[in-house]
Amino acid sequence: MSNPMLPEKILHYIGGKHLPSVDGATFEVAEPVTNRVYAQVAAGGPEDVDRAVEAATAAFETGPWPAMTARARARVLNRIADAIEARGEQIAAMETFDTGLPVTQARGQAARAAENFRFFADMAVTLHEDAFSSPAQLGYVLRKPRGVAGLITPWNTPFMLESWKLAPALAAGCTVVLKPAEWTPLSASLLPEIMAEAGVPDGVFNIVHGIGEVAGAALVMHPGAPLISFTGETTTGQTIMRSAATSLKGLSMELGGKSPCVIFADADLDLAVDSALFGVFSLNGERCTAGSRILAERTVYDSLVSRLGERAERIKVGDPSDPATEIGALVHPEHYDRVLSYVRLGVREGARLVTGGSRPAGLGAGNYLAATVFADVTPSMRIFQEEIFGPVVCVTPFDDEAEAVALANDTRYGLAAYLWTCDLRRAHRVAAAVEAGMTWVNSHNVRDLRTPFGGVKASGLGREGGQHSIDFYTESRIVHVALGDTHVPRFGA
């Protein structure tokens with residue numbers, strides 16, 4: 001695989017400077033095609049987080065960024081987008097090398113990152129404040145940035161998800177401390193150069209690398225960071241919530257998912273199969289919104305299982321830098337072993353392994369797994385209930401609409417849902433009954449950046465996207481002004 005201009009060391013970026021850890025600690029990072037170490041990364045601890053939060057606090061309290069007009073900040077965000085687009089191929093190559101994502105999909109993620117900055121640049125200049133008038137008073141709302149935002153991002157699509165948090169935080173006037181995922185720090189190492197080129201003042205943007213339980217925990221606990229936006233696994237999110245409670249931090253938590261893809265017999269089955277396969281096998285299956293439980297009406301169940309299995313067998317698994325590859329290497333040996341353990345578990349539980357479940361022929365090294373389809377999966381099975389986060393899908397039959405809804409909701413998660421039916425009334429009924437923060441009808445996962453993104457139940461807390469993101473990074477303050485004569489009750493007259 002080609003070498004995307006790899007650094008020997010990846011350092012923190014604090015107050016406009018590349019810095020090692022205070023104690024000099026580092027950790028190794030490997031790429032998933034060969035699992036060879038390619039760099040040493042600064043391992044941040046509480047002292048490094050202190051330095052980053054101090055730099056971000058100084059930039060917020062005395063620097064120009066929060067006081068700039070929305071238009072001025074928007075110009076900087078658009079320059080960030082320009083810089084990302086200019087490096088699009090480099091970013092895609094880094095993501096592919098570091099995460100194992102197929103390069104064609106990594107290119108799409110790089111383009112999404114630039115679009116995130118352009119979108120929130122536009123939002124910054126179109127925001128308006130509320131005003132409330134009565135004969136006695138005028139009330140108007142002031143929107144203020146909330147301070148230093150701690151951003152903790154996952155390893156599955158790191159650069160795009162970093163931009164998804166950075167763009168609204170910066171647009172709102174906050175300063176930030178980013179803690180990238182320790183397994184995939186490579187593309188984030190481009191952000192300091194991009195931010196400096198775009199004219200982001202020193203201290204506004206900071207990075208602390210490190211292990212989540214150390215650097216991430218220190219950021220969550222730091223009293224100088226009143227906001228934490230986290231995307232990742234549900235149990236980690238629960239730990240963050242407990243830690244953040246002591247200082248009453250604002251939290252935005254996008255957590256795990258086990259999303260249903262419900263296919264009724266009257267659906268356009270060709271499109272439904274295309275969507276179901278894309279929904280679970282794109283991004284190597286390592287996506288929170290994956291439709292990893294396919295629920296099929298019994299009259300078309302056998303046909304769908306057969307079609308899914310045949311198509312899955314033809315999915316090309318291989319070198320992620322090959323444009324023909326559809327599934328690359330899973331991110332890390334630890335995660336690879338975890339996904340394989342679920343495959344073995346599914347067989348033990350009695351599910352029917354239709355296809356996949358093992359390393360494809362000819363791929364002797366790396367974290368490769370063939371597209372895997374289980375059929376006859378029941379709700380009591382762990383592979384039905386638990387997030388696998390890999391190229392594994394479970395197929396379950398249902399007899400009627402009520403059973404479809406019950407099966408869709410029979411999980412602790414509630415992030416996304418996908419419904420396929422040509423009956424519009426049914427589509428509305430089921431969409432209202434399914435417990436999911438986001439539902440797509442007769443569509444795969446198409447994002448409109450204006451809409452709320454987030455889940456219910458164990459899939460998250462709060463919403464991001466559009467106005468919801470800006471609301472998280474700002475606070476609203478109401479000012480009441482008396483109009484005309486003010487009559488105040490006289491106590492003690």
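Look above for the structure.
Quick caveat, the model's predicted, so the values are computed rather than measured. Residue numbers restart at each chain and count upward from 1, following the sequence in its written direction. In keeping with the predicted nature of the model, local features appear solely for residues at pLDDT of at least 70, side-chain atom pairs appear and are counted solely at 80 or more, and the whole-chain, interface and lining totals rest on all residues. Note that the side-chain values use all heavy atoms of the structure and ignore hydrogens as well as water.

Further remarks concern the overall build of the protein. Starting at the N terminus, helices and strands are each numbered in turn, a helix being any DSSP run of H or I of at least four residues and a strand any DSSP run of E of at least two. When its secondary structure is counted, the protein shows 15 helices and 21 strands. Each radius of gyration is computed over the set of C-alpha atoms, and the globule rule expresses the reference value as 2.2 Å times the number of residues to the power 0.38. The C-alpha atoms of the protein give a radius of gyration of 24 Å, which matches the 23 Å a tight globule of 493 residues would have. Principal-axis analysis of the C-alpha atoms gives the protein an extent of 80 × 60 × 40 Å. Burial status across the protein gives 56% buried among its 493 residues. By the convention used here, residues are in contact when the closest approach between their heavy atoms is within 4.5 Å. Taking all contacts inside the protein whose residues are at least 6 apart in sequence as the whole, residues at least 24 apart take part in 74%. Note that accessible areas follow from Shrake-Rupley with a 1.4 Å probe, and for residues the cover is restricted to the protein chains shown. Accessible area of the protein: about 19900 Å², with a carbon and sulfur share of 54%. Relative accessibility thresholds used throughout: buried, under 20% of the residue-type maximum; exposed, over 50%; partly exposed, between the two (1.4 Å probe, protein chains only).

Looking now at empty space enclosed by the protein. Note on definitions: the grid is 1 Å and covers protein atoms alone; a cavity is a set of points where a 1.4 Å probe fits but cannot get out; a pocket is an open set with protein on both sides within 12 Å along at least five of seven lines; lining residues have an atom within 4 Å of a point. Grid points are joined across faces, edges and corners, and a volume is the space filled by probe spheres set on the points. The full count for this structure, using the stated rule, is 4 cavities of 30 Å³ or more. Forming the walls of the largest cavity are 13 residues, and the residues nearest its centre are G285, R287, A290, S292 and F389. Along the lines of polarity and charge, the residues of the lining of the largest cavity split into 6 nonpolar, 4 polar and 3 charged. Residues were grouped as follows: Ala, Val, Leu, Ile, Met, Phe, Trp, Tyr, Cys and Pro as nonpolar; Asp, Glu, Lys and Arg as charged; and all remaining residues, including Gly, as polar.

Glancing now at helix α8 (residues 234-244). Burial in α8 covers these residues: T234, G237, I240 and A244. Buried residues in α8, looked at end-on, bunch into an arc of 110°, giving them a common side. Relevant arc is that of directions from the helix axis to the C-beta atoms, nothing else.

Within a sheet, adjacent strands bond to each other through the backbone by hydrogen bonds, running parallel or antiparallel. A pair of strands is considered paired only if DSSP assigns at least 2 bridges between the two. Taken in spatial order, the 7 strands make up an open sheet running β15-β16-β17-β14-β13-β18-β19, and their pairing is mixed. In the strand order of this sheet, the two ends are held by β15 (352-355) and β19 (438-441), each with one partner. Averaged over all pairs of adjacent strands, the angle between strand axes in this sheet comes to 20°, irrespective of strand direction. Judged from the 5 bridges that link them, strand β14 (residues 293-297) and strand β17 (residues 392-398) form a sheet pairing that is parallel. Residue E297 lies in a different strand from β17, and its bridge partner there is F398. Think of each axis as a best-fit line through the C-alpha atoms, taken over the contacting stretch in the case of a helix, with angles from 0 to 180 degrees between the N-to-C directions. Packed onto the sheet, helix α9 (residues 269-281) meets β13 (260-263), β14, β16 (372-375), β17 and β18 (416-420) and runs at close to 140° relative to β17. Contacts from helix α10 (residues 298-314) reach β13, β14, β15, β16 and β17, with the element oriented near 140° to β14.

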